[in-house]
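# A closer look at the structure
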Amino acid sequence: MTLVVPGSAQLVAGNKRIGRIAIRIWMGLIATSVLLFLITLVWHKFAFKMAFNLGALDLVRLLMMGIAIGWAALFVDAWRLGQPLTLVKNQRLMVVGVNGVLCFTVAGTLLFGAHLVTVQRDFAAMFANGKVSDAEHGRYNVLLMGGDSGAGRWGLRPDSMTIASIDEETGRTVLIGLPRNLENFKFKKGSVMDEQFPDGFDCEGCYLNGVSTWAGDHTDLFGKSKSPGIDATIMAVEGITDLKINYWAMVNLQGFKDLVDAVGGVTVTVRDRIPVGGLGSDVTGYIEPGTRKLNGHDALWYARSREGSDDYSRMARQKCMMNAMATQVSPQKVVSNFGEIAEAGGSMIETNLPRSEFATFIDLALKAKDQKISSVSIVPPAINTADPDLAKIKAMVKKGIDKAEGKAGKPGKARKNASTNGAAIGTRDEGYAANASEDLAAAC
């Protein structure tokens, strides 16, 4: 009786006042749960908002702990009311066993739930409630940067830069890839970097991934900014693409490995064997061709290996990996591996996305799962990275977004049976399919 309706045993055979209080609390919790469930069915974002509301998480955590203790106490009292000493030995042992299992199972489940809420609370607390940025022309543009982990290396020379341009209503996403070795580009007009380089970033050895390092050596130009390297990189990206960057995220590649392991791996099609471990003599093995499920270690090398290929092949593979993660990581996987995912996520990412906006982006991510993800990349043969045509770059970006929104042209077809290089369909001379596609899943 205590398992089904806590307090019912006391109402029948014990302290009726305690029984009535327990039953009222129980009925109130059921009514509240049903109401919240119905609200969530109608408005999915409500659940996501609560998942990143520190006050709500604290309340739920304390409530679950209180219910666990109270319910366990009701079980013990119900056992007492059953007068176990009046039973024969075997019956007494059976009642003790059943009551103990029920007591510890219910209380343990609730306390474990409280632990998961604490994990989520700690994860959400890592992100500040910063400035909210409104969508630009109906789209959120998020700059995703990847770099190696290591002491003091956050924000230094991001070797992977991709803009995720996301429709604020549908979640339809375009991935815009920027090569790390882009030269002679201009910064956003009127920005600090534009004042320093009015003719463009044309110094010797000055590449896009070096903007962050340059800004780190001239922090006095950026006032009280906590991330001058990232600020300068955004000025470059906005100048190159003519897109307003709403938010940024710096991804720790080692943390990415942990995240893939936390979700149980990711399945991709490996076109050619991919070296693992580094360049030249540092190669320690290979990822063999075929459609295979990769663990975190191999997924990381699938996305970052350059031995035997080039930067642009690597960019194509990174887009394939992003597409695979976006489409394969289900809500069920997140729930079943929640603790590991939250721990990996906390060490993987640094971002200026406000905590209050996480609900919006989780909702958009779920919408994006059911849609094609397309790509545009500022790479050869379309663009000469040493002497880029900036007007052409902006036109390519606009055309790619317009196509995704159904405003221009018909979707192109992914190349089939094309030659490959480093597991990406295509070659440097003819271009890689995943770098310019209306359907990344087909191109990968």
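The model shown is predicted, which means the values in this text are computed figures rather than measured ones. (Residues numbered from 1 in each chain as written. Predicted model: local features only at pLDDT ≥ 70, side-chain atom pairs only at ≥ 80, totals over all residues. Heavy atoms only, no water.)

### Let's talk about the overall build of the protein
- Scanning the protein from N- to C-terminus turns up 16 helices and 13 strands.
- Counting only C-alpha atoms and orienting by the principal axes, one finds that the protein spans roughly 90 × 50 × 45 Å.
- Sorting the 444 residues of the protein into buried and exposed places 45% on the buried side.
- With the model as given, the accessible surface of the protein reaches about 22300 Å², and the carbon-plus-sulfur share is 58%.
- For the protein, the distance from the average site of its 49 positive side-chain charges to the average site of its 44 negative ones is 10 Å. (Helix = DSSP H or I, 4+ residues; strand = E, 2+ residues; numbered from the N terminus. Buried < 20%, exposed > 50% of the residue type's maximum accessible area, 1.4 Å probe, protein only. Areas by Shrake-Rupley, 256 points an atom, 1.4 Å probe, with all protein chains shown as cover. Lys, Arg positive; Asp, Glu negative; His and termini not counted. Charge placed at Lys NZ, Arg CZ, Asp CG, Glu CD.)

### A word on the packing of helix 8 (residues 228-241) against helix 15 (residues 390-404)
- At a minimum axis distance of 7 Å, the contact between helix 8 and helix 15 shows a crossing angle of 85 degrees. The orientation of helix 8 with respect to helix 15, classified from their angle, is roughly perpendicular. Along the contact surface, helix 8 presents Gly239, Ile240 and Thr241, while helix 15 presents Leu390, Ile393, Lys394 and Val397.
- A breakdown of the residues in the contact of helix 8 with helix 15 according to their chemical character gives 4 nonpolar, 2 polar and 1 charged. (Axes fitted to C-alpha atoms, helices over the stretch in contact; angles between N-to-C directions. Parallel < 35°, antiparallel > 145°, perpendicular 65-115°, else oblique. Contact = heavy atoms within 4.5 Å. Nonpolar A, V, L, I, M, F, W, Y, C, P; charged D, E, K, R; others polar.)

### Notes on the side chain of Ser374
- Structurally, Ser374 is set in strand 10 (residues 374-377).
- The contact partners of Ser374, leaving out residues within four places of it in the chain, are Arg172, Thr173, Val174, Leu175, Ala404, Ser437, Glu438 and Leu440.

### Focus: unusual backbone geometry
- A cis amide bond links Pro380 to the next residue, Pro381, at an omega of 5 degrees.
- Take Pro381: it is sitting in the loop between strand 10 and helix 15.
- One non-glycine residue, His137, adopts positive backbone phi at about 55 degrees.
- Tracing the backbone through its elements, the reader meets His137 in the loop between helix 5 (89-125) and strand 1 (139-147).
- With a phi close to 50 degrees, Asn184 is a non-glycine residue in the positive phi region.
- Turning to its location among the elements, Asn184 is positioned in the loop between strand 3 (173-178) and helix 6 (192-196).
- Owing to a relative accessible area of 32%, Asn184 belongs among the partly exposed residues under this scheme.

### Here's the deal with the sheet that holds strand 1
- One open sheet holds the 6 strands; their spatial order is 9-4-1-2-3-10, and the pairing between them is mixed. In this open sheet, the two edge strands, each paired with only one partner strand, are strand 9 (349-351) and strand 10. The average undirected angle you get between the axes of adjacent strands in this sheet is 20 degrees.
- In this structure, strand 3 lies alongside strand 10, joined through 4 bridges in parallel fashion. Counted as the bridge partner of Ile176 is Val376 from strand 10.
- Along the sheet face, helix 9 (residues 253-262) touches strand 1 and strand 4 (247-252) and points at about 80 degrees away from the line of strand 4.
- The strands that helix 14 (residues 358-368) touches are strand 1, strand 2 (160-167), strand 3 and strand 4; relative to strand 1, the one it contacts most, it runs at about 90 degrees. (Pairing = 2+ DSSP bridges.)

### A look at the pairing of strand 3
- Across the 6 residues of strand 3, 6 count as buried, placing the element largely inside the fold.
- Covered by surrounding structure in strand 3 are Thr173, Leu175 and Gly177 together with Val174, Ile176 and Leu178, the residues of both alternating faces.
- Inspection of the sheet shows strand 2 paired to strand 3 by 6 bridges, in the antiparallel sense. When the sheet's bridge partners are listed, Ala164 is paired in strand 3 with Leu175.

### Side note on the packing of aromatic side chains
- One pass over the structure, following the stated rule, counts 14 aromatic pairs.
- Ring geometry for Phe197 versus Phe201: centroids 4.9 Å apart, planes at 85 degrees, classification edge-to-face. Across the pair, Phe201 and Phe197 agree in class, each one buried.
- Chaining the aromatic ring pairs together yields one cluster made of Phe185, Phe187, Phe197, Phe201 and Trp214.
- For Arg273, the ring lying beneath its charged end belongs to Tyr286, and the centroid distance is 3.9 Å. (Phe/Tyr/Trp six-rings, centres within 6.5 Å; stacked < 30°, edge-to-face > 60°. Lys NZ or Arg CZ within 6 Å of the ring centre and 35° of its normal.)

### Describing the pattern of salt bridges
- Applying the stated criterion to the full structure yields 14 salt bridges.
- The partner of Asp58 in a salt bridge is Arg61, and the shortest N-O contact between them spans 2.8 Å. Taken as a pair, Asp58 and Arg61 lie in helix 4 (residues 54-81) at a separation of 3 residues, close to a single helical turn.
- Arg61 sits in the partly exposed class, given a relative accessible area of 23%. (Salt bridge = Lys/Arg side-chain N within 4 Å of Asp/Glu carboxyl O.)

### With respect to the state of the cysteines
- By the definition in use, this model includes 2 disulfides.
- Residue pairing for Cys203: its cysteine sulfur links by disulfide to Cys206, the two sulfurs lying 1.5 Å apart. Looking down the S-S bond of the Cys203 and Cys206 bridge, the torsion is -95 degrees, so its handedness is left-handed.
- A relative accessible area of 27% means that Cys203 is categorised as partly exposed.
- Of note for the protein: the bonded cysteines, numbered N- to C-terminal, pair according to 1-2, 3-4. (Disulfide = S-S within 2.5 Å.)

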